[in-house]
Amino acid sequence: MSVNTRLLSDPYSSLNTSQCNNQDVYDFNFVQVTSLAWFNKFLIWEVIHFLRWKFRWRFLTRRFDGQVEPCTKRSSSWGLSIDEELVGKDGATYLWFQVRQMIAYTWILMISIVLIVVHRYGDKQGLVKTLNSTTLYNIGVNGIHCVFCLTVLVILDREMYKHGRHRGIRSFASPSIADRVCNRRWLMIGGLPRSVTVDSLFDYLKNRFDSKGIGRENIHFVYDLNRLWPVKENLKWLREIKRTLLTTGPQQIQNRFWECFSTKEAAGTDVRSPGSDDALQFYSQMEKTLLAKRDDMMNNLKFVGLAFIGFDCPTEAKATKSGVKRLQRSTWFGKDKEGGDREFRPSMWTIGYAPPGSQINWPKLQQRRPLWKKLAISLAMMVIYFGYIAVMAAPGYIVQSFQLVGEGSDEISLTWQLLILPSLASFFTRRLTDFVTKIGQYRHQTTLSSIELGKLHSICHLSAVLYLIRMMAMKPLPLVFSGQFHIRDIRWKCLFFPEHGSFLSCAIIVNTASGVLMNHARLEFLISYLLKWITSQSEAEHAVWRQNYRLSFDFTSNYAELTTNFGLTMLIFIIFPVLGVISWICSIVRFLSDRAAMMDMYAVSQTSPELHRQPVNMALTLVIFSPLVLLGYRIIQLGPNTVRHLVESTFLAPLCVAILYALYLIHAFVRFHWPKFALLRRLFGCIDDDVDDEESDTVDSPSLIQHEYDPLAEIRKEETSHMTV
């Protein structure tokens, strides 16, 4: 039966990508290794489950909860149900995000099936039907692709709106929900001069801003704790060991050969005297040395120009904050006119409500770095990121350079090439990615949420650059070091190389398989356990480590992997619809794997609301890839004749859809950040000058924790309670 394809196909020839090269030639049998690696990782997962069920091995079955009371409830969830008691609030939010993604993937699956059928009716790839016959290249761009792009946006926006309403997440889809948690009874003021004292600041706030409900005892200055914090943690660790020794009886020091790697080196001490084998005496001497070091540090702390100020009620705190901001708006170019203002420089202050104390990264609250140091850190990060991209853009090229690929057909070579090498590559790739992205914590990040968001953005941005370079480069990127790689070796048209469909399909499969394997094998715990077993100097030290070890679920890395897979799907599923089928299957496997891991293997973990929000915003933003790819395909296909074909429907359709996407994102961005646009809202008369309406996205979290914003007082309290005991 013949079908008239003129209604489906465009009248232009397919895109010419003959000059593009398949990057798989620089890898080690990528497609075969990927397919077998998926099977091998699935096999390892099943072996782990069998060992957990048959032998009930402690290292495979125990949830390491630290000193928190472990949950004894047995997991019994079926289908898409989620037990929030077992996984915690943040764990349930993470899993519900996956459920919403699976619903979107289900619609993408149905769209992909329709596109596969429609594409097969074309004839641009020849009359013989192959896998290429299911791609966009077989019929070209037409209106049905643009309709499906809009369909995905509508569905995803609806699902993310439901997710935001259900889990209380403020995002582009649900901007009216307040989720920014802070303590409205406390203000955090930064940019204070180093000469300020508690008394002078108290008098200035009372006289200049008529602050009420404030006391000197509720003004806490922040000092540089970067060096003191590790000493404090090591001291706490030693005391735990000593308490264990008092209950277990005398023990001897062991592992003398590994003394240079032990806890005492981390504390910066070397107090072991010749012949001292008694563990209690050894740790007591270490504690004495650490106490002297801690006291010396506490007497020489430097003020970082930041203070937390407590008020009797939120209204009084808001009045002071509004008064400072009114003064800042009335001060031009930061010039403080009055005498007191010139001393305290309120125009340079950063003021806002204090975040919860548990979210503050106290060791990183340091003095502002000079400009040269900030530039040096940024330059170092750029160099490290470039090296990472150069290595990961063509991993097979690096592996072959070190002669690590088995060339023979014997059992050992095949086992190495098809089982051991892919597993090692997955493990070291993830470890290398974690190491590189953690470098961002050396920037000035004052809260734990900023560290998590920085890592999430680093992983996603590095992944985006890696895949784009991999798809557009005609040579392996490591050749840039030998001068054989030039800018002309990167071409936009290579983004549409037909072989990239199979490459991205394999990439999504590998990402899913690696995530499943890493979460269930718990290699991080096994490596930590092995290192601690080697370096422990007594049985009590090892026992305390086991008792306090807490294995938390890494929400940041897993969110990044989910977001990366979704971005790859949006990038090319319209061109290569088979990718939609693969993504749907992988999303189900990943959800079932993560739910089982969080219920049976990991402690109830916590994270910040900002981390749950960011993947939602990123997913809604990544949907714009689909119309942009269609538009780019049409522009490159027409070439110099693009201007003459601007009024054609095959060009206007993807252009209009891309414009609609952009308008949607702009509208969502403005709605989401509207509380921060105070100047624009005053300009349009939405708020008065005396009204501070930047709190519409804020949730008050009053805390009754003593010394929540005074870590030095907490250290003194711990010391007093220890002396009492």
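No experiment lies behind these values; they were computed from the predicted model shown.

Visitor: Can you help me understand the overall build of the protein chain in this one?
Guide: The number of helices and strands found in the protein chain is 24 helices and 5 strands. Scored against the burial criterion, the 725 residues of the protein chain give a buried share of 52%. With the model as given, the accessible surface of the protein chain reaches about 35400 Å², and the carbon-plus-sulfur share is 62%.

Visitor: What's the story with the pattern of salt bridges in this structure? I'm lost.
Guide: Think of it this way: side chains of opposite charge can pair up when their charged atoms draw near. Within this structure, the stated rule accounts for 15 salt bridges. The salt bridge involving Asp203 is made with Arg216; its shortest N-O contact spans 3.2 Å. Separated by 13 residues along the polypeptide, Asp203 in helix α5 (residues 198-209) and Arg216 in strand β2 (residues 214-223) bring together distant segments of the chain. Judged by relative accessible area, Asp203 falls into the partly exposed class, the value being 33%. Relative accessible area serves as the criterion here: at 39%, Arg216 is assigned to the partly exposed category.

Visitor: Can you help me understand the confidence of the model for the protein chain in this one?
Guide: As a general rule, the predicted coordinates of low-pLDDT regions are not to be interpreted in detail. Here the protein chain averages 77 in pLDDT, and 70% of its residues register 70 or above. Per-residue pLDDT stays below 50 along residues 1-7; that stretch engages in 4 contacts with residues further than four places along the chain or on separate chains. With pLDDT under 50 throughout, residues 688-692 is counted as low confidence; its partners more than four residues away or in other chains account for 10 contacts.

Visitor: What should I look at first to understand helix α15 (residues 500-521) in this one?
Guide: Owing to its 3.6 residues per turn, the α-helix aligns residues three or four sequence positions apart on the same side. The terminal C-alpha atoms of α15 lie 31 Å apart, and with 22 residues this matches the ideal 32 Å at 1.5 Å per residue to within 8%. Burial analysis of α15 places 19 of its 22 residues in the buried class, the great majority of the element. Of the residues flanking the end of α15, it is Arg522, one or two places downstream, whose phi is positive at about 50 degrees.

Visitor: Mind showing me how you'd approach unusual backbone geometry here?
Guide: Excluding glycine, a negative phi dihedral is what most residues carry, and trans is how most peptide bonds are arranged. The residue Asp210 is not glycine, and still its phi comes out positive at about 55 degrees. Although it is not a glycine, Arg345 sits at a positive phi angle of roughly 50 degrees.

Visitor: I tried to follow the pairing of strand β1 (residues 180-190) on my own but got confused; where do I start?
Guide: The two faces of a sheet get side chains in turn, since along a regular strand they alternate between them. Direction of pairing for β1 relative to strand β4 (residues 350-354): antiparallel, over a ladder of 5 bridges. Bridging from a neighbouring strand, Ile189 pairs with Ile351 of β4. Here β1 pairs with strand β3 (residues 303-311) via 5 bridges, running antiparallel. Of the residues in β3, the one forming a bridge with Met188 is Phe308.

Visitor: Just to check I follow, could you spell out the packing of aromatic side chains for this structure?
Guide: Aromatic rings in a pair are described by how distant their centres are and how their planes are angled relative to each other. Here the structure, examined in full by the defined rule, presents 20 aromatic pairs. Considering the side-chain rings of Tyr94 and Tyr559, the 5.1 Å spacing of their centres and the 80 degrees angle between planes classify their relative orientation as edge-to-face. Remark: Tyr559 occurs in helix α18 (residues 555-572) and Tyr94 occurs in helix α3 (residues 84-120); sequence separation between them is 465 residues. Aromatic side chains Tyr467 and Phe503 sit 6.2 Å apart centroid to centroid with 55 degrees between the ring planes, which places their arrangement in the tilted category. Here Tyr467 is found in helix α14 (residues 448-472), whereas its partner Phe503 is found in helix α15, with 36 residues between them in sequence. Take Tyr467 and Phe503: they sit in the same class, and that class is buried. Through pairs of rings, three or more aromatic residues link up here, namely Tyr94, Phe97, Phe553, Phe555, Tyr559 and Tyr602.

Visitor: I would appreciate a short explanation of the packing of α5 against helix α9 (residues 314-330) in the present structure.
Guide: Describing two packed helices takes the angle between their axes plus the distance from one axis to the other. α9 packs onto α5 with a crossing angle of 75 degrees between their chain directions and a minimal axis gap of 11 Å. Taken together, the axes of α5 and α9 are roughly perpendicular relative to one another. The segment α5 lies against α9, with Tyr204, Arg208 and Phe209 engaging Gly323, Val324 and Leu327.

Visitor: Any chance you could explain the environment of Gly357 here in plain terms?
Guide: In this fold, Gly357 is placed in the loop between β4 and α11 (371-392). A relative accessible area of 10% places Gly357 in the buried class. The spatial distance from the C-alpha of Gly357 to the C-alpha of Asn183 is 9.1 Å, given a sequence separation of 174 residues. Setting aside residues no more than four positions away along its own chain, Gly357 makes contact with Trp362, Glu708 and Tyr709.

Visitor: Sorry, what's going on with helix α22 (residues 649-673) here?
Guide: Over its 25 residues, α22 extends 36 Å from the first C-alpha to the last, a length consistent with the 36 Å expected when each residue adds 1.5 Å. Residues of α22 that are buried include every one of Thr650, Phe651, Pro654, Val657, Ala658, Tyr661, Tyr664, Leu665, Ala668, Phe672 and His673, and no others. On the buried face of α22, the contacting elements are α4 (143-167), α20 (609-622) and α21 (625-638).

Visitor: Sorry, what's going on with the side chain of Arg170 here?
Guide: With respect to the secondary-structure elements, Arg170 resides in the loop between α4 and β1. Reaching out from Arg170, the side chain makes a polar contact with the backbone oxygen of Phe672 at a distance of 2.4 Å.

Visitor: I'm lost on empty space enclosed by the protein in this one. Help?
Guide: Empty space among the atoms becomes apparent when a probe as large as a water molecule is rolled across them. Enumeration over the complete set of coordinates arrives at 5 cavities of 30 Å³ or more. Taken as a whole, the largest cavity encloses approximately 90 Å³ of empty space. Elements with a contribution of two residues or more to the lining of the largest cavity: α3, α15, α18 and α19 (578-600). The element best represented in the lining of the largest cavity is α19, accounting for 4 residues.

Visitor: What should I look at first to understand the pairing of β3 in this one?
Guide: The buried fraction of β3 is high, at 9 of 9 residues. Here β2 pairs with β3 via 6 bridges, running antiparallel. Each bridged residue has a counterpart across the sheet, and for Tyr223 the counterpart in β3 is Phe303.

Visitor: Explain a nonpolar patch on the surface to me, please; I cannot follow it from the model alone.
Guide: A surface patch of nonpolar side chains, about 680 Å² in accessible area, is lined by Leu150, Ile659, Leu660, Leu663, Ile666, Phe669, Val670 and Trp674. Broken down by element, the nonpolar patch gets its largest block of residues, 6 residues, from α22. Position of Phe669 relative to the elements: it lies in helix α22. You can call Phe669 partly exposed: its relative accessible area is 39%.

Visitor: Looking at this structure, I do not really get the packing of α20 against α22. What am I missing?
Guide: At a minimum axis separation of 11 Å, α20 and α22 run at an interaxial angle of 155 degrees. By the angle class used here, α20 and α22 are roughly antiparallel. For the pair formed by α20 and α22, the contact residues are Arg613, Asn617, Leu620 and Thr621 on the first element and Tyr664, Leu665 and Phe672 on the second. For the contact of α20 with α22, the residue count by class is 4 nonpolar, 2 polar and 1 charged.

About the thresholds
Residues numbered from 1 in each chain as written. Predicted model: local features only at pLDDT ≥ 70, side-chain atom pairs only at ≥ 80, totals over all residues. Heavy atoms only, no water. Helix = DSSP H or I, 4+ residues; strand = E, 2+ residues; numbered from the N terminus. Buried < 20%, exposed > 50% of the residue type's maximum accessible area, 1.4 Å probe, protein only. Areas by Shrake-Rupley, 256 points an atom, 1.4 Å probe, with all protein chains shown as cover. Salt bridge = Lys/Arg side-chain N within 4 Å of Asp/Glu carboxyl O. pLDDT = per-residue confidence, 0-100. Contact = heavy atoms within 4.5 Å. Expected span 1.5 Å × (residues − 1). Pairing = 2+ DSSP bridges. Phe/Tyr/Trp six-rings, centres within 6.5 Å; stacked < 30°, edge-to-face > 60°. Axes fitted to C-alpha atoms, helices over the stretch in contact; angles between N-to-C directions. Parallel < 35°, antiparallel > 145°, perpendicular 65-115°, else oblique. Polar contact = N/O pair within 3.5 Å; in protein donor to acceptor, adjacent residues only side chain to side chain. 1 Å grid on protein atoms, 1.4 Å probe; cavity = no way out; pocket = protein on both sides within 12 Å on 5 of 7 lines; lining within 4 Å. Points joined across faces, edges and corners; volume = space filled by probe spheres on them. Patch = residues over 30% accessible without salt bridge, like charges linked within 9 Å, V, L, I, M, F, W, Y side chains within 5 Å. Nonpolar A, V, L, I, M, F, W, Y, C, P; charged D, E, K, R; others polar.

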